[in-house]
Amino acid sequence: MERYLGRKYPQGYEDIPLAAIVPWPGNTAELPKHEWRTFRPVINQDKCVRCRLCWTYCPDGAIVELDKEYVTSTGRKYKITFEVNYDYCKGCGICANECPVKAIEMVPEER
Amino acid sequence: MASAVETKPVEKELGKPHERIAATGGEAAAYAARDADIDVAAIYPITPQTPIAEKIAELVANGELDAELIHVESEHSAMSATIAAAATGARVFTATASQGLELMHEMLYIASSLRQPVVMALATRALSAPINIWNDYADAMSMRDTGWIMIFSENVQEVYDNMIQAYYIAEHPDVLLPVVVTLDGFILSHTMEALELIPRDEVLAYAPKRPRSYRPVLDPDKPISIGVLGGPNWYYEAKIQHVLALRESPRIIEEAARLFEKRFGRSYGFIEKYMMDDAEVAMVAMGATASLVKAAVKRLRKEGVKAGMIKIRVYRPFPAEEIVKALENVKAVGVLNRAIAYGAPVEEPLFQDVVTALAVRGIMKPMVSFVHGMGGRDIFVREIVDMYKKLLDAAREGKSVTRTLFWGVKNLEGKPYI
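Residues numbered from 1 in each chain as written. Chains lettered and ligands numbered in written order. Predicted model: local features only at pLDDT ≥ 70, side-chain atom pairs only at ≥ 80, totals over all residues. Heavy atoms only, no water.

Draft legend 1. Spotlight on the overall build of chain B. Along its length, chain B carries 13 helices and 15 strands. Each principal axis of the C-alpha atoms in chain B carries an extent, and together these give about 70 × 60 × 40 Å. The 418 residues of chain B split such that 58% are buried. The long-range fraction of contacts in chain B, counting pairs at least 24 apart against all pairs at least 6 apart in sequence, stands at 80%. A gap of 6 Å separates the mean positions of the 47 positive and 54 negative side-chain charges of chain B. (Helix = DSSP H or I, 4+ residues; strand = E, 2+ residues; numbered from the N terminus. Buried < 20%, exposed > 50% of the residue type's maximum accessible area, 1.4 Å probe, protein only. Contact = heavy atoms within 4.5 Å. Lys, Arg positive; Asp, Glu negative; His and termini not counted. Charge placed at Lys NZ, Arg CZ, Asp CG, Glu CD.)

So this is what it looks like as structure tokens:
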């Protein structure tokens, strides 16, 4: 039976489960969910005014709000920081489109 | 396996001869399903497969067969129900023909790529239009790329024997692929011949029902997902696994035939060679036509022509090595089939397989492609003798005929072919 079930996460055609069945329930949590991204959003923390619009609009909840202090080059101090969780970001670009101060840049993925 | 040490057929050991009855090919397929003790059958009746569906229903109704018979509303559902039943670990059976097979088509790929050991009887029949219920191989040839193991039967006994072997092959842990056994529509499905039945206990000793847990099946206690999405990152690998399973399957097909011969005395191979030892010209044929070609070969031998024939029994996976070995020393090869590959370089599907098998091994010789018997058109021994004469001409000239010869088609010039 073991030979039909493959390795936990397969590396090649030799060890994928028979007929690509999934014998490990709930395994989606362990798998990459961002493989088709072609552009990744990069937040310019200096420009960012912490308006939270990207956090609001992100359809995947991939923008995370962190309790991390940040001081800009002009000396302005913020208590929070917004970052992108690249495990979940699909690269849709909605955040960059909505950002009122153009602090988010879409950078091509290099593979 | 315990059977590997047995040398005598079971018949002699038990001291009782097997029952011999008169049966049609359709009944033979149903009897084989009965003797293999299937658990689930989902069949939608379609001419000329109807006798199989009728017989299965009868066997279930009168208690001879303890199986779940699912009354489905179409062939698409028949195959879907069969795949689903197989996915729970049941031994399954279905049957179809022609347009029904085409309606099943998308499920055929699913059966094979989900690696479900489905066994199907296919009463071969022409495809529309015009509507035609008679025999040719248009339907069988349409499923040759679906990844099924395909076995062609020449007579009623072979239908039965091939079906029994199909269960051995399909459910073998090293194969796990669906198998289709063909019987020529009407020519075999409705024609009565002598049939030697094998008792159920002997069939089950040959192709035993395995414990449910020997392969991944649907089980509420051990949940698995069957039929998942395979994105660009893993689809390719799953398909390669399927290809490799088909490449490995000849070993098991051969083993099934060898054990079958040991137990029941009838021998089967990937191909059957008929008078090929000293043959100068050979015809490749399949299905019920092979019997007719044998008669033609006999007639030609009386005339002093060294003719031979190869019958292809296992069509997928294609037994290329065996065929090349058998054809190596002949002067010309003819290929005879009841199907058309529209628009192909040479419009006959089997021809393409035979030529490819020879060509990739660097063997070139005069070849002629014959199409005959489309839509149930009668074919006679003298016509096949004429084909052999055409083949002898090709051998003498040392040149292939570059176009398919459509034999027996009516034309205003009164020629035997166009």
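Draft legend 2. The sheet that holds strand S3 (residues 68-70) of chain B, seen in detail. Residue and element names in this part refer to chain B. Here seven strands make up an open sheet; going across it, the order is S3-S2-S4-S5-S7-S6-S12 and the pairing mixed. In this open sheet, the two strands that pair with only one neighbour each are S3 and strand S12 (314-316). Within the sheet, the average angular offset between the axes of one strand and its neighbour, ignoring direction, is 20 degrees. Of the strand pairs in this sheet, strand S2 (residues 40-42) and S3 are connected by three bridges, and their pairing is parallel. Residue pairing across strands places Val-40 opposite Glu-68, the latter belonging to S3. Sheet strands in contact with helix H5 (residues 98-113) are strand S4 (92-96) and strand S5 (119-124), and its direction is about 145 degrees off that of S5. (Pairing = 2+ DSSP bridges. Axes fitted to C-alpha atoms, helices over the stretch in contact; angles between N-to-C directions.)

Draft legend 3. Up close: the domain arrangement of chain B. All names here are of chain B. Taken domain by domain, chain B holds domain 1 (6-267) and domain 2 (273-406). For domain 1 and domain 2, the distance between their C-alpha centres works out to 28 Å. Listed per partner, the contact involves 27 residues of domain 1 and 23 residues of domain 2. When domain 1 packs against domain 2, the two sides together hide about 2000 Å² of surface, and 54% of this comes from carbon and sulfur. Among the residues domain 1 hides against domain 2, the three largest losses belong to Tyr-137, Arg-144 and Glu-154. Together they make up 33% of the total. If you look at where domain 1 meets domain 2, you find three salt bridges. Lys-311 is the partner of Glu-158 in a salt bridge, and the nearest nitrogen-oxygen pair spans 2.9 Å. On inspection of domain 1 and its partner domain 2, the count reaches 15 residue pairs in polar contact (both at pLDDT 80 or more). (Domains from an automatic or database assignment. Buried area = accessible area lost by both parts, 1.4 Å probe. Salt bridge = Lys/Arg side-chain N within 4 Å of Asp/Glu carboxyl O. Polar contact = N/O pair within 3.5 Å; in protein donor to acceptor, adjacent residues only side chain to side chain.)

Draft legend 4. Fine view of a positive patch on the surface. Residues and elements named next belong to chain B. Judged by side-chain charge, Lys-298, Arg-299, Lys-302 and Arg-382 come together as a positively charged surface patch. Among the elements that line the positive patch, the one with the most residues is helix H10 (residues 289-302), at three residues. According to the relative accessible area criterion, Arg-299 is partly exposed, its value standing at 41%. (Patch = residues over 30% accessible without salt bridge, like charges linked within 9 Å, V, L, I, M, F, W, Y side chains within 5 Å. Areas by Shrake-Rupley, 256 points an atom, 1.4 Å probe, with all protein chains shown as cover.)

Draft legend 5. Seen up close, the interface of chain B and chain A. Listed as interface residues are 22 residues of chain B and, on the opposing side, 19 residues of chain A. With both chains or domains summed, chain B and chain A bury close to 1700 Å², and 65% of this area falls on carbon and sulfur atoms. Broken down residue by residue, the surface that chain B buries against chain A is led by Pro216(B), Trp234(B) and Gln241(B), which jointly contribute 33%. Between the two partners, chain B and chain A, sit one salt bridge. Salt-bridge contacts for Arg3(A) lead to Asp174(B); the nearest nitrogen and oxygen are separated by 3.1 Å. On inspection of chain B and its partner chain A, the count reaches six residue pairs in polar contact (both at pLDDT 80 or more). In the side of chain B that touches chain A, the residues fall into 13 nonpolar, five polar and four charged. (Nonpolar A, V, L, I, M, F, W, Y, C, P; charged D, E, K, R; others polar.)

Draft legend 6. Quick peek at the pattern of salt bridges. Residue and element names in this part refer to chain A. Across all of its chains, the model carries 32 salt bridges over all chains by this definition. Here Asp-15 makes a salt bridge to Arg-7, at a shortest N to O gap of 3.3 Å. Note that Glu-109 and Arg-40 form a salt bridge whose closest N and O atoms lie 3.0 Å from each other. Within this pair, whereas Glu-109 is found in the segment after strand S6 (104-108), its partner Arg-40 is found in strand S1 (residues 39-43), the two being separated by 69 residues in sequence. The class for Arg-40 is partly exposed, based on a relative accessible area of 27%.

Draft legend 7. Broad picture of the side chain of Asp37(B). With respect to the helices and strands, Asp37(B) occurs in the loop between helix H2 (25-35) and S2. A residue is classified by how much of its surface remains accessible, and Asp37(B), at 16% relative accessible area, is buried.

Draft legend 8. Local environment of the sheet that holds strand S10 (residues 281-286) of chain B. Residues and elements named next belong to chain B. Taking strand neighbours across the sheet as the criterion, the six strands line up as S9-S11-S10-S13-S14-S15 in an open arrangement whose pairing is mixed. Only two strands of the sheet have a single partner each, and these edge strands are strand S9 (271-274) and strand S15 (405-406). Here five bridges tie strand S13 (residues 332-337) to strand S14 (residues 367-371), and the two strands are oriented parallel to one another. The partner of Val-333 across the bridge, within S14, is Met-367. Strand contacts of H10: S9, S10, strand S11 (307-312) and S13, with the helix running at about 170 degrees to S11, the strand carrying the most contacts. Of the strands in this sheet, S10, S11, S13 and S14 are in contact with helix H12 (residues 349-359), which crosses S13 at around 150 degrees.

Draft legend 9. A look at the packing of H10(B) against helix H13 (residues 381-397) of chain B. Residues and elements named next belong to chain B. Packing of H10 against H13 leaves a shortest axis separation of 9 Å and a crossing angle of 65 degrees. Between H10 and H13, the angle falls in the class roughly perpendicular. The handedness of the crossing between H10 and H13 comes out as right-handed. Only Val-381, Arg-382, Ile-384, Val-385, Tyr-388 and Lys-389 of H13 make contact with H10, whose side of the interface consists of Thr-289, Leu-292, Val-293, Ala-295, Ala-296, Val-297, Arg-299 and Leu-300. For the contact of H10 with H13, a count of residues per class yields ten nonpolar, one polar and three charged. (Parallel < 35°, antiparallel > 145°, perpendicular 65-115°, else oblique. Left-handed = near helix turned anticlockwise from the far one by under 90°.)

Draft legend 10. Just the nonpolar core, in detail. Residues and elements named next belong to chain B. Counting residues in hydrophobic clusters, the biggest one holds 61 residues, and the most contacted among them are Ile-38, Ile-56, Phe-93, Ile-149, Tyr-160, Met-163 and Tyr-206. It is helix H7 (residues 156-170) that provides the largest number of residues to this core, a total of ten residues. Counting residues in each nonpolar core, the second largest holds 55 residues, with Val-92, Leu-122, Val-284 and Leu-350 among its members. (Core = buried A, V, L, I, M, F, W, Y, C linked by side-chain atoms within 4.5 Å.)

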